[in-house]
Structures are given as structure tokens and as C-alpha cells.
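Listed below are the residues making up each chain.
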Amino acid sequence: MNKIDLNADIGESFGSYKLGYDEEIVKYISSANIATGFHAGDHNWIKKTVDLSKKYNVAIGAHPSYPDLAGFGRREMSMSSDEIENLIKYQVGALIGFVGIENIEHVKPHGALYNKAVNDSVTAKAIINAIKSISDKLIHVVLAGSLWEKIALDSGVKVSRETFADREFMSDGTLCPRSIDGSVIEDSEKIVNRTLKMIKDKEVDTFEGDKIKIDFDSICLHGDTEGAVEIARSINSSFQKNNIIITSMSNVIL
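Numbers given to residues run from 1 along each chain, matching the order in which its sequence is written. The predicted origin of the model limits local features to residues at a pLDDT of at least 70 and limits the giving and counting of side-chain atom pairs to 80 or more, whereas totals for whole chains, interfaces and linings rest on all residues. Excluding hydrogens and water, the side-chain figures rest on all heavy atoms present in the structure.

**Q** Please provide a residue-by-residue account of the overall build of the protein chain, values included.
**A** By the criteria applied, helices consist of DSSP H or I runs no shorter than four residues and strands consist of E runs no shorter than two, each listed in order from the N terminus. Across its full length, the protein chain holds nine helices and ten strands. In terms of overall dimensions, the protein chain is globule-like: its C-alpha atoms have a radius of gyration of 17 Å, near the 18 Å expected for 254 residues. Projecting the C-alpha coordinates of the protein chain onto the three principal axes gives extents of approximately 40 × 35 × 35 Å. Here, residues are in contact when the closest pair of their heavy atoms is within 4.5 Å. Across the protein chain, contacts joining residues at least 24 apart in sequence account for 72% of those joining residues at least 6 apart. For the protein chain, the accessible area works out to roughly 11,000 Å², and carbon and sulfur atoms hold 48% of it. Between the two quantities, the radius of gyration covers C-alpha atoms and the globule rule is 2.2 Å times the number of residues to the power 0.38. Surface exposure here means Shrake-Rupley accessible area, sampled with a 1.4 Å probe, where a residue is shielded only by the protein chains that are shown.

Below is the structure:
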């Protein structure tokens, strides 16, 4: 039987502004990437999301970002290695304050920071060094098949290779930019079918019409995608029917 982690970016509300469908999404996932305040989330929402994750026995992870609250962390920034390391440590530290380091399973960067690390060795190494300095037990979530994955594996850290259920891929294996219409998939049937295909055949159809090979440990769902709850429910149900076990990253990468 296949084992796969199903993760989602949640806790992305801020102050009195509510974003996403966390209370429903969390019922169908095995890992939560909790926003740590730089692109979304705040002290109160971190606490609420931690409690929600614990209620449903979902593994907890930090979701740090560039300091870009106005742009939701989706705008690239020019930062030195030291600055990147410090911002990762600062944000993971915020989550540690709520749950303790022993209860954080993974770290997954958000948005533009994640996308920069995919092909930029300086950014990738800074992220890896920061996480490694906090704890060598933390799992590094990286884009499957990327330069970032190679650098992380060469660094000897725990790695969870990630793919995306609701995002289109380019032929080079990178995510289709959100600026391109259709980069985010909202058809739940299409998402379920392509996800099953990725698991069974280790390949995915790209936005440009090619097929590329892909090998991964975790699949990401976005909690703010249109119809996110139905998508999560459908994927969860289809996995059960196909004898695919949904479990946390630590159980998949053993």
C-alpha cells in the first residue's frame, strides 16, 4: 500500500480578517503548515491553528515567509544569506513558543521564498542552514526534483519531497507562476485524477502539454483555493478507495 502525506497551508488569517477554510480542511490532511506572521497569521491565529491541529491529530509544521504581509509573501525580495537564516529562525521560534520544538515536525517556506529556493542555491542553503541550526530532527519540505532537493539531501538533513495537487507544473518541474491564468487548478475531479496519476505512475502532465517524471513524499493542498474543502474531501476519499494511506511526513520518509 502506498503511504503519502497530505499537507495544507493553514492559519493564514490575520487580526479580524479570516482567510481559508481551516476548520474543515484540517479534517482531511495529515500535516499542517502554520503561517508564522510574516505573510499571514499572528499570535492569536497561531494559537487557534495549533489547537485545531492537535484536535485532529495533524502534524504541526512552520510556514515561514519573506516579510511581506501586504503581498501575502508572494513578492520576491533581495535578501542576504544571513537575513534569510534569521527570518527563518525568528518565525520557527514563534511557533516553538506555542508548542515546543519537540512538537514541530517540519518547516516549509511559503510563496516567493519557496519558489526562490527551488533554483537558487544561496537561498536554498540559507533555509537549510537555518532549519538545521534549530534542530536536526526537523523535516525540510522541498519541491520534488528541484536543485533545492539535491542540496538538502547532500546536506544530510531529513527531507520530504513535495508536489502540489492544485497547481500546474511547467516542463522544467517548477510551479506555473500564479500570474498565468490557469496556474491554480479548481476542478476537483481533475485534481483527484492527476493526484492519483502522480502517485501510481510517478508522472504529471505539465501546463505546457508535456509529461514529466515526479517522485515525492507529500502532496500540498491550498486552503484558500476555490472549493478547497470539497477538493480535500474528494482526495481523501479517493485515497481510501485506492488503498493509499494518508499519514504524516515522519511516517512516509522512514
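We are not done yet, so read on.
**Q** Lay out the state of the cysteines in plain terms, naming residues and giving numbers.
**A** By definition, a disulfide links two cysteine residues through a covalent bond between their sulfur atoms. Note on terminology: disulfide denotes any pair of cysteine sulfur atoms within 2.5 Å. Tallied over the full model, the rule gives zero disulfides. No disulfide involves Cys176; its nearest neighbouring cysteine sulfur is the one of Cys220, lying 16 Å away. The buried label applies to any residue whose accessible area, calculated with a 1.4 Å probe on protein chains only, is under 20% of its type's maximum; exposed applies above 50%, and partly exposed to all values in between. Relative accessible area serves as the criterion here: at 0%, Cys220 is assigned to the buried category.

**Q** Give a detailed account of the nonpolar core, specifying residues and quantitative values.
**A** Generally speaking, a soluble globular protein has its nonpolar side chains buried in company with each other. Ranked by size, the top nonpolar core spans 70 residues in total, and within it Ile88, Leu95, Trp148 and Ile235 carry the most contacts. For Ile235, the residues in contact, after removing those within four places along its chain, are Leu6, Ala165, Ile191, Val192, Thr195 and Leu221. In this text, buried Ala, Val, Leu, Ile, Met, Phe, Trp, Tyr and Cys residues form a nonpolar core when linked through side-chain atoms within 4.5 Å.

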